Amino acid sequence: MSRFWSDHVIELAPYTPGEQPKIAQLLKLNTNEHPFGPSPRTLEAIRAATNDGLRLYPDNDSTSLREAVAQLHGLTAAQVFPGNGSDEVLAHIFNGLFRHADRPLLMPDITYSFYRTYCQLYKIPCQIVPLAEDFSIRVSDYTAHHAVKPAGIIFANPNAPTGIALGLADIEAIAMANPDVPVVIDEAYVDFGADSAVALLRKCDNIVVVHTLSKSRSLAGLRVGFALASKEIVEGLQRVKDSFNSYPLDRLAQAGAVAAIQDTAYFERGRQAIIQTREWLVKQLATLGFEVLPSHANFVFARHPDHEGAALSQALRDNGILVRHFSLPRIDRFLRITVGTRENSERLCNTLSEILLKTH
Ligand SMILES: *Cc1c(COP(=O)(O)O)cnc(C)c1O
């Protein structure tokens, strides 16, 4: 605390990212990073852009990146809004689309915790909608008539940290029932097995889809994400961005991101490997007695009937394996475990098996 802080800074509850420790031999399964490196073409593009050109400002519109993303999804470049990681894109969405005085933002009780942080930062009231008993999103809660028109609706799909995916028919029903409300689908994990709501953009002009290169493209360190929406929504987000930082993506990030988007073969191999390992891991965890929620992401969310989540997480840590545990209502018995390589997953299962034996 300092007497120089603005009042609202005292009240902030900042997001706590997963730990990035500097311990050798540690197996990091706590922040859903990709276990394989980025595509070699991406690294080559970044090296090629590392030259005298760095004395110049980057393209403030990230034109080539927007064109590459548009081509990948069959959209126009005017429908693509890039940012410095999807967290920044989300911040601009909250600021630019969800600030409507007392109208609340609807979101699940269990979802990406950054949404609540942004609500606080931008003073957006939020209306928390509990997930069903099985941790799925109850569509009727969002399609029902709302006494006060919501400022917006947001959830991750697949949801985080549950990994559970909602189908496109359900997303369409939510969007159709709220035609004057922006419905934001955070698809950070969509490439690991869910259907993308990009397919609905033609029909529903209120849908905003958010993607990141951090997870399925293995580029968490480059900080690139983007929103896909109508041209009019993107124009609004650009107004916010250009009132904050006109150059969110540096030259290296733009060059690397374009190459990553275009290297579809490398991307496809990586994501198939993760999906296969996930299926293996789910079976192994079930054999160890865990209940595992049906995951369409690059992580699994699992709890054991006889063991507390916090204790398991600590025991794994003592054995050099980091997973994510949330001390939050409804989910404090769960561990969120990133799907790494097959070898990583075997080490995790062997260690868990030893822990369970010892503490039973
Ligand atoms: C990881 C993650 C993000 C943030 O991605 P960045 O592009 O790295 O900022 C956003 N939403 C969800 C649900 C995530 O899991």
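Residues numbered from 1 in each chain as written. Predicted model: local features only at pLDDT ≥ 70, side-chain atom pairs only at ≥ 80, totals over all residues. Heavy atoms only, no water.

1. Let's talk about the overall build of the protein chain
Link 1 in the chain: For the protein chain, the count of helices and strands is twelve helices and twelve strands.
Link 2 in the chain: Computed over its C-alpha atoms, the radius of gyration of the protein chain comes to 21 Å, within 12% of the 21 Å expected for a compact globule of 360 residues.
Link 3 in the chain: Expressed along its principal axes, the backbone C-alpha trace of the protein chain runs to roughly 60 × 55 × 50 Å.
Link 4 in the chain: Within the span of the protein chain, comprising 360 residues, buried residues form 52% of the whole.
Link 5 in the chain: Across the protein chain, the fraction of contacts at a sequence separation of at least 24, relative to all contacts at a separation of at least 6, is 74%.
Link 6 in the chain: With the model as given, the accessible surface of the protein chain reaches about 16700 Å², and the carbon-plus-sulfur share is 52%.
Link 7 in the chain: Taken together, the 35 basic and 39 acidic charged side chains of the protein chain have centroids lying 3 Å from each other. (Helix = DSSP H or I, 4+ residues; strand = E, 2+ residues; numbered from the N terminus. Rg over C-alpha atoms; globule rule 2.2 N^0.38 Å. Buried < 20%, exposed > 50% of the residue type's maximum accessible area, 1.4 Å probe, protein only. Contact = heavy atoms within 4.5 Å. Areas by Shrake-Rupley, 256 points an atom, 1.4 Å probe, with all protein chains shown as cover. Lys, Arg positive; Asp, Glu negative; His and termini not counted. Charge placed at Lys NZ, Arg CZ, Asp CG, Glu CD.)

2. A short note on the sheet that holds strand S6 (residues 183–186)
Link 1 in the chain: The sheet built from seven strands is open, its strands ordered S2-S8-S7-S6-S5-S3-S4 with mixed pairing. Two strands lie at the open edges of the sheet, namely strand S2 (80–83) and strand S4 (126–129), each paired on one side alone. The average angle at which neighbouring strand axes cross in this sheet is 20 degrees, direction not considered.
Link 2 in the chain: The strands that helix H5 (residues 114–121) touches are strand S3 (105–108), S4, strand S5 (152–156) and S6; relative to S3, the one it contacts most, it runs at about 155 degrees.
Link 3 in the chain: The strands touched by helix H8 (residues 231–241) are S2, strand S7 (207–212) and strand S8 (225–228); relative to S2, the strand with the most contacts, the crossing angle is about 25 degrees. (Pairing = 2+ DSSP bridges. Axes fitted to C-alpha atoms, helices over the stretch in contact; angles between N-to-C directions.)

3. Quick look at the site of the ligand
Link 1 in the chain: Inspection of the region around the ligand gives Gly-85, Ser-86, Asp-87, Tyr-112, Asp-186, Ala-188, Tyr-189, Thr-212, Ser-214, Lys-215 and Arg-223 as its neighbouring residues.
Link 2 in the chain: The separation between an oxygen atom of the ligand and a polar side-chain atom of Ser-214 is 2.6 Å.
Link 3 in the chain: Protein contact buries 93% of the 390 Å² of open area that the ligand shows by itself. (Near = heavy atom within 4 Å. Polar contact = N/O pair within 3.5 Å; in protein donor to acceptor, adjacent residues only side chain to side chain.)

4. Let's talk about the packing of aromatic side chains
To describe a pair of aromatic rings, one takes the distance between the centres and the angle between the planes.
Link 1 in the chain: Under the definition given, this model contains 13 aromatic pairs.
Link 2 in the chain: Taking 5.4 Å as the distance between ring centres and 50 degrees as the angle between the ring planes, the aromatic pair formed by Phe-94 and Tyr-118 counts as tilted. Taken together, the residues span a long stretch of sequence, with Phe-94 in helix H4 (residues 86–97) and Tyr-118 in helix H5 at a distance of 24 residues.
Link 3 in the chain: In this structure Tyr-118 comes out as buried when scored by relative accessible area, which is 6%.
Link 4 in the chain: Taken together, the ring pairs connect Tyr-15, Phe-94, Phe-98, Tyr-112, Phe-114, Tyr-115 and Tyr-118 into an aromatic cluster. (Phe/Tyr/Trp six-rings, centres within 6.5 Å; stacked < 30°, edge-to-face > 60°.)

5. A short note on the environment of Trp-280
Link 1 in the chain: Its location among the elements puts Trp-280 in helix H10 (residues 264–287).
Link 2 in the chain: Distance from Trp-280 to Leu-166, taken between C-alpha atoms, is 22 Å for residues 114 residues apart in sequence.
Link 3 in the chain: Beyond its immediate stretch of four places on either side in the chain, Trp-280 contacts Arg-342, Ser-345, Glu-346 and Cys-349.

6. Let's talk about the pattern of salt bridges
Link 1 in the chain: Here the structure, examined in full by the defined rule, presents 14 salt bridges.
Link 2 in the chain: A salt bridge links Glu-291 to Arg-303; its shortest N-O distance comes to 2.6 Å. Within this pair, whereas Glu-291 is found in strand S9 (residues 291–292), its partner Arg-303 is found in strand S10 (residues 299–303), the two being separated by twelve residues in sequence.
Link 3 in the chain: Judged by its relative accessible area of 37%, Glu-291 falls in the partly exposed class.
Link 4 in the chain: Residue classification places Arg-303 among the partly exposed positions, given a relative accessible area of 24%.
Link 5 in the chain: A salt bridge links Glu-346 to Arg-342; the nearest nitrogen and oxygen atoms lie 3.0 Å apart. (Salt bridge = Lys/Arg side-chain N within 4 Å of Asp/Glu carboxyl O.)

7. Observations regarding the sheet that holds strand S12 (residues 334–338)
Link 1 in the chain: Taken in spatial order, the three strands make up an open sheet running S9-S10-S12, and their pairing is antiparallel. Each edge of the open sheet carries a strand with a single partner, namely S9 and S12.
Link 2 in the chain: Bridge analysis of S10 against S12 gives five bridges, and the strand direction is antiparallel. Note that in S12 the partner of Phe-299 across the bridge is Thr-338.

These figures capture arrangement, not role.
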